[in-house]
Amino acid sequence: AYAIAQCHSSRKWLVAASATIGTVVGAVQLAGFVQALHRYRTGVNAPILAHDAPWGPPIPALFTVAAFAVLQVAVLAWWMSLPRLAQRDDDPIRSTPPGRTLPVTG
């Protein structure tokens, strides 16, 4: 995010690369979560679509996976918003000239 905010010449390429990396990381984490949940529900040597699991999470598995996916999308959206937050001109820290201090209030 910092690199995207500081580099103006290749911004589109960096935004695309950042979104791609974030999407791939989120998808891999989701796949790992689904695999771990399946292993805990059915055991190591169970078939993939086993319905007679000896254990089940307190929240239904489909809802748990959907909630995890929503959280992954929220993290990606936050990550992609960081460059816009870093570029705000109304930020007193970034708009203060070097050598000057901010007034102390309160």
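As a starting point, this report considers the structure included with it. (Residues numbered from 1 in each chain as written. Predicted model: local features only at pLDDT ≥ 70, side-chain atom pairs only at ≥ 80, totals over all residues. Heavy atoms only, no water.)

**Some details on the packing of aromatic side chains**
- A full pass over the atoms with the stated rule returns 1 aromatic pair.
- Relative to Phe68, the ring of Phe33 has its centre 4.4 Å away and its plane inclined at 10 degrees; by these criteria the two rings are stacked. Remark: Phe68 occurs in helix α3 (residues 61-86) and Phe33 occurs in helix α2 (residues 11-42); sequence separation between them is 35 residues.
- Taking relative accessible area as the criterion, Phe33 reaches 25% and is therefore assigned partly exposed.
- Of the residues examined, Phe68 reaches a relative accessible area of 22% and is grouped as partly exposed.
- For the cation-ring pair, Arg39 lies above Tyr40, with the distance from its terminal atom to the ring centre recorded as 5.2 Å. (Phe/Tyr/Trp six-rings, centres within 6.5 Å; stacked < 30°, edge-to-face > 60°. Helix = DSSP H or I, 4+ residues; strand = E, 2+ residues; numbered from the N terminus. Buried < 20%, exposed > 50% of the residue type's maximum accessible area, 1.4 Å probe, protein only. Lys NZ or Arg CZ within 6 Å of the ring centre and 35° of its normal.)

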